[in-house]
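Structure at a glance
Single-letter residue listing:
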Amino acid sequence: MNDLIPRTGNYKALLSYQKSDVIYRITYYFCNKYLNKGDRTVDQMVQAARSGKQNIIEGCAASSTSTKTEIKLLNVAKASLRELLEDYEDYLKTRGHRQWEAGSCEYEAMRRLGRTQSDPEFYMNLVSTRPPETIANMVVILLNQADYLLHRQLQRLADDFLKNGGFSERMARLRKEQRGR
């Protein structure tokens, strides 16, 4: 039975999940502190951040029996986070704030931080002392990193599927082996 339904779904170990958890927490804080409560954007941003995180969890949970479902849900997570990226970029544009450019000292420092730090509490302590335009820029970089991680994760799943097949093929192979015994 262990060969048929492998134990999978340790989403908390995934960097994509860790990054999306940080993004969700910062977004929730950001929206509640800096955006108008009645603004539809608040709900949209919080839901996009939550969807990114939750679809990674759901995809991992489905992974033992459906690579197709896992890939679909990870792609939904990726799409939700891309939507959120646009919201943060819009926030910066509509308020006349500068978006950090690649190569700028702020951009490069945040990229390094994003590569080495995944603790949500670390980020929450950091954002609690920063102005909203800095927080938005920080999240833009984290979102780009999450997008990259999800892209790599999806590519790995596709490669693994091509190499090893999926659940139905595993079922057929194991059934054939059982008959041969």
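Higher on the page you've got the structure.
Read on for an overview of the structure. Throughout this document, residue positions are counted from 1 along each chain, in the order its sequence is written. Thresholds applied to this predicted model are a pLDDT of at least 70 for local features of residues and 80 or more for the giving and counting of side-chain atom pairs; totals over whole chains, interfaces and linings are not thresholded and use all residues. Hydrogens and waters are ignored; side-chain quantities use all the structure's heavy atoms.

**Focus: the packing of helix H3 (residues 67-94) against helix H6 (residues 132-164)**
How we decide: Here, axes are lines fitted to C-alpha atoms. For helices the fit covers the stretch in contact, and angles between N-to-C directions go from 0 to 180 degrees. A run of DSSP states H or I qualifies as a helix once it reaches four residues; a run of E qualifies as a strand once it reaches two. Both are numbered from the N-terminal end. Reported orientations rely on four angle classes, namely roughly parallel under 35 degrees, roughly antiparallel over 145, roughly perpendicular from 65 to 115, and oblique for the rest. Take the far helix as your reference; a near helix turned counterclockwise from it by less than a right angle gives a left-handed crossing, and one turned clockwise gives a right-handed crossing. Amino acids are sorted into nonpolar (Ala, Val, Leu, Ile, Met, Phe, Trp, Tyr, Cys and Pro), charged (Asp, Glu, Lys and Arg) and polar (every other residue, Gly among them).
Running from N to C, H3 and H6 point in directions that differ by 160 degrees, and their axes come no closer than 9 Å. When the interaxial angle is binned, H3 and H6 end up roughly antiparallel. The two elements H3 and H6 meet at a crossing, and its hand is left-handed. Of the residues contributing to the contact of H3 with H6, the split by class is 20 nonpolar, six polar and six charged.

**Digging into helix H4 (residues 105-116)**
For an α-helix the count is 3.6 residues per turn, leaving residues at separations of three or four pointing the same way. Heads up, the rule is: Residue count minus one, scaled by 1.5 Å, sets the expected span of a helix. For each residue, the accessible area found with a 1.4 Å probe, counting protein chains only, is set against the maximum for its type, and the residue is called buried under 20%, exposed over 50%, and partly exposed in between. Here the arc refers to the set of directions running from the helix axis out to each C-beta atom.
When the terminal C-alpha atoms of H4 are compared, their 17 Å separation across 12 residues agrees well with the 16 Å that a helix rising 1.5 Å per residue should span. Every buried residue of H4 is listed here: Tyr107, Met110 and Gly114. For H4, the angular spread of buried residues about the axis comes to 70 degrees, placing them on one side. Every exposed residue of H4 that faces more than 90 degrees away from the buried side is listed here: Cys105, Arg115 and Thr116.

**Here we look at the nonpolar core**
How we decide: Note on terminology: a nonpolar core comprises buried Ala, Val, Leu, Ile, Met, Phe, Trp, Tyr and Cys residues joined through side-chain atoms within 4.5 Å. We call two residues contacting when some pair of their heavy atoms lies within 4.5 Å.
Core analysis: the largest hydrophobic core is formed by 42 residues, its most contacted members being Ile23, Ile26, Phe30, Leu84, Tyr88 and Leu143. Counting only elements with at least two residues in this core, the list comes to helix H1 (15-34), helix H2 (40-62), H3, H4, helix H5 (120-127) and H6. Broken down by element, this core gets its largest block of residues, 12 residues, from H6. Not counting chain neighbours up to four residues away, the residues in contact with Leu143 comprise Ile23, Leu81, Leu84, Leu85 and Tyr88.

**Thoughts on the packing of aromatic side chains**
To keep it simple, the criterion reads: Stacked, tilted and edge-to-face pairs are distinguished by plane angle, under 30 degrees for stacked and over 60 for edge-to-face with tilted covering the rest, among Phe, Tyr and Trp rings (Trp via its six-membered ring) whose centres lie within 6.5 Å.
Within this structure, the stated rule accounts for seven aromatic pairs. When the centroid spacing of 5.0 Å and the interplanar angle of 80 degrees are considered together, the rings of Phe30 and Tyr91 count as edge-to-face. Taken together, the residues span a long stretch of sequence, with Phe30 in helix H1 and Tyr91 in helix H3 at a distance of 61 residues. Assigned by exposure class, Phe30 and Tyr91 land together as buried. Residues Phe122 and Tyr123 carry aromatic rings whose centres are separated by 5.5 Å and whose planes lie at 85 degrees to one another, so their mutual orientation is edge-to-face. Ring-pair connections join several aromatic residues into one group, and the members of that group are Tyr29, Phe30, Tyr34, Tyr88 and Tyr91.

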